[in-house]
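# Tertiary structure, described
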Amino acid sequence: MKQKLLLSLSLLLASTPAFADDTGSLGQLALRRIQYEIGDKQFESTIVWDQDEGDDRPAILMVPNWMGPTRASLEKAMRVAGDDYVVMMVDLYGVDVRPQNMEEASEAAGVLRGDRKMMRERMKKALKVFLSEKGLPLKDGQVAAIGFCFGGGAVLEFARTGADLDAVVSFHGDLSSPTLAEDSEEIEGSVLVLHGADDPFVPQADVEEWMSVMKKTKVDWQLVQFSGTVHSFTDPGASMDGKAEFNPLSSERAFEYMELLFDEKFED
């Protein structure tokens, strides 16, 4: 089923120059753009789900990497959704910020990393909008948040607010935070960190600090490190030798770990 959905999404993206419509579908795949405001700033997130699957499903809030909402991140949202979940790809930057290169992405991500309160508020609003959206096949009380790279750090930061989440999954995400020690005890759901053991951007010093803090909490957490793996290992477009590279084996294993956690948390 998920392979078929991947093919459908690829065909849809190839046939549309951008997210041209507020809603769209191709076969069983449904896409819906959601526009909302935080203060005077406009945001636009995208929800993905299998419209042929009749059962209500858990809600998965997904934060992309530092490039923000892109076709690649939409493909990833669809992969996660399959026929098991409803996924919202979150716009944390606002519609006026769409990085076109690494320099612009670094600047955009840096704004939010430098203002954790704003990052948390945007995450909170995104989840509220998602869960209040009408006509979605959502199962009450079943919510998780996942993120990739910058997005992984963002969902961990959101979890530290005490957000009502069943699970949080970080793929090659940032582990540091200005209030790491103070706020980690606030985490409610289970935490899964999926990390490349050779990641130069999230070094082992950060991993050790994160584990040291988490060991002092009562949080249910797991850390999985993949050998021979650097940053961005789930991103097929990553090609910085020895720094950020796609690793198909580690990527597949990481998604399987996520599925195992979701199966446990969302068992009927």
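All figures in this text were calculated on a predicted structure; none of them were measured in a lab.

Procedures and definitions
- Residues numbered from 1 in each chain as written.
- Predicted model: local features only at pLDDT ≥ 70, side-chain atom pairs only at ≥ 80, totals over all residues.
- Heavy atoms only, no water.
- Helix = DSSP H or I, 4+ residues; strand = E, 2+ residues; numbered from the N terminus.
- Contact = heavy atoms within 4.5 Å.
- Expected span 1.5 Å × (residues − 1).
- Buried < 20%, exposed > 50% of the residue type's maximum accessible area, 1.4 Å probe, protein only.
- Phe/Tyr/Trp six-rings, centres within 6.5 Å; stacked < 30°, edge-to-face > 60°.
- Lys NZ or Arg CZ within 6 Å of the ring centre and 35° of its normal.
- Arc of directions from axis to C-beta.

The subject of this paragraph is the side chain of Ser-251. Structurally, Ser-251 is set in helix 8 (residues 248–265). For Ser-251, the contacting residues outside a window of four places in its chain are Arg-79, Phe-233, Thr-234 and Phe-246.

To continue, consider helix 4 (residues 116–132). Helix length check: helix 4 (17 residues) gives 24 Å between terminal C-alpha atoms against 24 Å at 1.5 Å per residue, within 8%. Taken together, the buried positions of helix 4 are occupied by Arg-116, Met-119, Arg-120, Arg-122, Met-123, Ala-126, Leu-127, Val-129 and Phe-130.

This part is about the packing of aromatic side chains. Describing an aromatic ring pair means giving the distance of the ring centres and the angle of the ring planes. As enumerated under the stated definition, the model contains eleven aromatic pairs in all. The interplanar angle of 70° and the centroid separation of 5.3 Å between the aromatic rings of Tyr-85 and Phe-262 together place this pair among those described as edge-to-face. One end of the pair, Tyr-85, is in the loop between helix 2 (71–81) and strand 5 (86–89); the other, Phe-262, is in helix 8, and 177 residues separate them in sequence. The residues Tyr-85 and Phe-262 share a single accessibility class, namely buried. These aromatic residues form a ring-pair network of at least three members: Tyr-85, Phe-262 and Phe-266. Sitting over the face of the ring of Phe-148, Lys-76 holds its NZ or CZ atom 4.4 Å from the ring centroid.

For helix 7 (residues 204–214), the set of buried residues is Val-207, Trp-210, Met-211, Val-213 and Met-214. Relative to the axis of helix 7, the buried residues are bounded by an arc of 160° and lie together on one face. Looking at the buried side of helix 7, the elements it contacts are helix 6 (180–183), strand 8 (190–196) and strand 9 (221–226).

On their own, these measurements won't tell you what the molecule is for.
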